[in-house]
Amino acid sequence: MLTPIQFLARHFMIIKRNKHLTFFSILVFASSLVAQEKDSISHTINGAKTIEAKDIPLDTTVSGINDNALVLIKDGNKGAYNLQDNPKAAKFDSLWMKELYESYALFDEMYEEVSGLEVERPYEYDLPTDTLKMRLARLNQKTPFNVIYNRSLENVIKSFLTRKRDLMERMLTVSQFYFPLFEQELDNHDIPLEMKYLAIVESALNPKARSRVGATGLWQFMYGTGKEHGLDVTSYVDERSDPIKSTKAACEYLNRMYTVFDDWDLALAAYNSGPGNVNKAIRRSGGYKNYWNLRRNLPRETAGYVPAFLATMYLFEYADEHGLKREKVERPYFETDTVHIKSLITFDQIAELVDISVEELTVLNPSYKLNVVPFVKGKNYYLRLPKDVMGKFVANEAAIYAHVEKELKSKESPLPALVKAAEKNRIRYRVRSGDFLGKIAERYGVGVSQIKNWNGLRSNNLRIGQRLTIFPRGSGVGASPKKTPKNKSSEVTVSGSKVHTVKSGDSLWIISRKYPGVSVENLREWNGISGKNLKPGTKLKLCDCS
């Protein structure tokens, strides 16, 4: 172990670069090290040094790594480590991350729309039929899909423009994150790039979306089909929610369907309902192979599936003509990077060490079911991070693993024992009369969103007798983030009911996560909110106080 004087000499250049560091503070720092030579302020973890912030002058910043000796400065007040890689690196744009967080709630809306689509119902919208025919003809010329005008497709397009306009605008924004990834994989498999719109119809671009029958992820794979295409599903990981792996699997499956039917429209129909149902529809229609000729013989959900896909394609291609607005995002999916994990590590530990929120980690790594990145010999698990944060992680990787190992041992909850203990403590709860998610969550010390995630619930509605899987607090699963927001929302009690004061960066989804049993729909109803924009300082009721 280095002596304090050797330590000071080794890191002198790092300290010197801090323009706020005075010569006097350097002397203070040096004298403090010498004075504590017998009782060092640092301790070694396989070459990693951790220094408590209280032991360092207030105007001093020490960071970096030399000869594999990492200096971790822990702020005693915030409980975070000041690891640095690039001083100019910025965190994810908060407004952009808010869009990704809120997009998770859109799956329900898209699922209900597609499954119950009434293609024969007309809608009033200022879109001349001749103009629509001309635009569809242009689309048909540059895509292998059969984009041919018919009254049903016109009805669906006008329905989206009137009833689902906000949903389409949100998709225009969120798609900027995922579409570059989709396009690259589709191109690798020689599949029409327009197939990227399928993920909007399937999941509303929610990687953790789960249908009533258990289909999961951006591309809505059932368990068996996912396993057939190499998507692993375990207690720790569901690779159907992995954006890269699931997109590759979707491309493989779509190519199989195209090989069978030699038609991309029918490949889409088969993707949704299975090739068997498409073959039955062909037989019942008298041998027709044009989708529009056999649509009536397909299951109800599939009958609206291809029209919804074509309508989505049209709205994306002609968004400007219809005044559909998208928010420009600064960081697409490829502004992130991955690193293979060499040791078990939890999202909480990653968040604490490299200054990233658990929410961001969840968005970027949706396949990890328990907020734990496992390590299994012979398998590769990776962590996706923003590129600026990735620099911090890689530059300090060895010391991070050493620190995590020591921390887990000190808590007597090393992984995988931690996860095994969670599985052991898992309970199956039977819903009783009078139960609601907030009440159950409070009973077991967990969050409503956690219960919904563990059980694939798409709403807050429960039925008597329903079985819920719950990991109680202390089981090691889904621990709450340790970091405390810098600008904590104010919560006050008025006339016996809670009120939330909106702060900058708040959204209905983010607010709903703070209060067990309160959903986005509740907030809209109780406060008469129709849009998505919130004004800082606005007080929102957190109950039906009427």
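Student: Describe the overall build of the protein chain, with residues and values.
Tutor: In terms of helices and strands, the protein chain carries 25 helices and 13 strands. Counting across all 546 residues of the protein chain, residues that qualify as buried make up 53%. A separation threshold of at least 6 residues defines the contact pool for the protein chain, and within that pool the share at least 24 residues apart is 67%. Accessible area for the protein chain stands at about 26400 Å²; split by element, carbon and sulfur atoms hold 48% of it.

Student: Explain the environment of L172 to me, and be specific about the residues and the numbers.
Tutor: Assignment of secondary structure puts L172 in helix α8 (residues 165-188). Taking the C-alpha atoms as reference points, L172 and F316, separated by 144 residues in sequence, lie 7.1 Å from one another. If sequence neighbours within four positions are ignored, L172 has contacts with F316, A319, L324, K325 and R326.

Student: Describe a positive patch on the surface, and please don't skip the residues or the numbers.
Tutor: There is a patch of like positive charges on the surface, built from R428, R430, R432, R443 and R467. Summarising the element assignment, R428 is placed in strand β9 (residues 427-430).

Student: Talk me through the pattern of salt bridges; I want residue IDs and the actual numbers.
Tutor: Note that side chains of opposite charge can pair when their charged atoms are close. A complete count under the given rule lists 11 salt bridges for this structure. The partner of E154 in a salt bridge is R151, and the shortest N-O contact between them spans 3.1 Å. Of this pair, E154 and R151 both sit in helix α7 (residues 151-163), 3 residues apart, which is roughly one turn of the helix. Take R151: its relative accessible area is 52%, and that puts it in the exposed class. E183 is the salt-bridge partner of K196, the closest N and O atoms lying 2.6 Å from each other. Residue K196 is located in the loop between α8 and α9 (198-203), and its partner E183 is located in helix α8; the two are separated by 13 residues in the primary sequence. Each of R151, E154 and K158 takes part in one network of salt bridges that share partners.

Student: So what's going on with the side chain of T143? Residues and values would help.
Tutor: Positionally, T143 belongs in the loop between α6 (129-141) and α7. Residue classification places T143 among the buried residues on the basis of a relative accessible area of 8%. Among residues more than four places away in sequence, those in contact with T143 are E194 and M313.

Student: Which residues make up the environment of E335, and what values go with them?
Tutor: Inspection of the secondary structure puts E335 in the loop between α16 (305-317) and β5 (336-340). Each C-alpha atom of the pair E335 and D388 lies 9.1 Å from the other, and the pair is 53 residues apart in sequence. With residues up to four places along the chain from it excluded, the contact list for E335 reads P386 and K387.

Student: Describe the packing of aromatic side chains, and please don't skip the residues or the numbers.
Tutor: Under the criterion given, the structure shown has 17 aromatic pairs. Judged by centre distance (6.4 Å) and plane angle (90°), the rings of F347 and Y368 are edge-to-face. Of this pair, F347 sits in helix α17 (residues 347-354) while Y368 is found in the loop between α18 (358-364) and β7 (372-373), placing the two residues 21 residues apart along the sequence. Each member of the pair, F347 together with Y368, is buried. When the centroid spacing of 6.4 Å and the interplanar angle of 65° are considered together, the rings of Y368 and Y381 count as edge-to-face.

Student: Tell me about the nonpolar core, and name the residues and values.
Tutor: In terms of nonpolar packing, the biggest core is built from 75 residues, with I157 and F182 touching the most fellow members. Examining the composition of this core, we find that 11 residues originate from one element, α8, more than from any other. Apart from residues lying up to four places away in sequence, F182 is in contact with K196, A199, L205, L218, W219 and T247. V354, L361, F393 and V404 belong to the second largest nonpolar core, which has 24 residues in total.

Student: So what about α17? Which residues, and what values?
Tutor: Residues separated by three or four positions in an α-helix point in the same direction, a consequence of the helix having 3.6 residues per turn. Burial within α17 is extensive, with 8 of its 8 residues counted as buried. Residues F347, D348, Q349, I350, A351, E352, L353 and V354 constitute the buried set of α17.

Student: Got a sec to walk through the side chain of S367? Specific residues and values, please.
Tutor: Note on placement: S367 falls in the loop between α18 and β7. Here S367 falls in the buried class, since its relative accessible area comes to 5%. Those residues within four positions of S367 in sequence are excluded, and the remaining contacts are Y236, V237, D238, E239, S241 and D242.

Student: So what about helix α13 (residues 275-284)? Which residues, and what values?
Tutor: Residues of α13 that are buried include every one of V278, A281 and I282, and no others. Angular distribution of buried residues about the axis of α13 spans 100°; they occupy a single face of the element. In α13, the exposed positions that point more than 90 degrees away from the buried face belong to R283 and R284. The inward-facing, buried residues of α13 contact α11 (243-261), α12 (264-273) and α14 (291-294). Remark: G286 follows α13 within two positions and exhibits a positive phi of approximately 90°.

Student: Explain the packing of helix α22 (residues 437-444) against helix α23 (residues 448-455) to me, and be specific about the residues and the numbers.
Tutor: Where α22 contacts α23, the axes come no closer than 8 Å and their chain directions differ by 100°. Comparing the axis directions of α22 and α23 gives the class roughly perpendicular. Contacts between α22 and α23 involve L437, G438, I440 and A441 on the former and, on the latter, V448, I451 and K452. Counted by class, the contact of α22 with α23 contains 5 nonpolar, 1 polar and 1 charged residues.

The rules behind the values
Residues numbered from 1 in each chain as written. Predicted model: local features only at pLDDT ≥ 70, side-chain atom pairs only at ≥ 80, totals over all residues. Heavy atoms only, no water. Helix = DSSP H or I, 4+ residues; strand = E, 2+ residues; numbered from the N terminus. Buried < 20%, exposed > 50% of the residue type's maximum accessible area, 1.4 Å probe, protein only. Contact = heavy atoms within 4.5 Å. Areas by Shrake-Rupley, 256 points an atom, 1.4 Å probe, with all protein chains shown as cover. Patch = residues over 30% accessible without salt bridge, like charges linked within 9 Å, V, L, I, M, F, W, Y side chains within 5 Å. Salt bridge = Lys/Arg side-chain N within 4 Å of Asp/Glu carboxyl O. Lys, Arg positive; Asp, Glu negative; His and termini not counted. Charge placed at Lys NZ, Arg CZ, Asp CG, Glu CD. Phe/Tyr/Trp six-rings, centres within 6.5 Å; stacked < 30°, edge-to-face > 60°. Core = buried A, V, L, I, M, F, W, Y, C linked by side-chain atoms within 4.5 Å. Arc of directions from axis to C-beta. Axes fitted to C-alpha atoms, helices over the stretch in contact; angles between N-to-C directions. Parallel < 35°, antiparallel > 145°, perpendicular 65-115°, else oblique. Nonpolar A, V, L, I, M, F, W, Y, C, P; charged D, E, K, R; others polar.

Nothing here speaks to function; it is all geometry.
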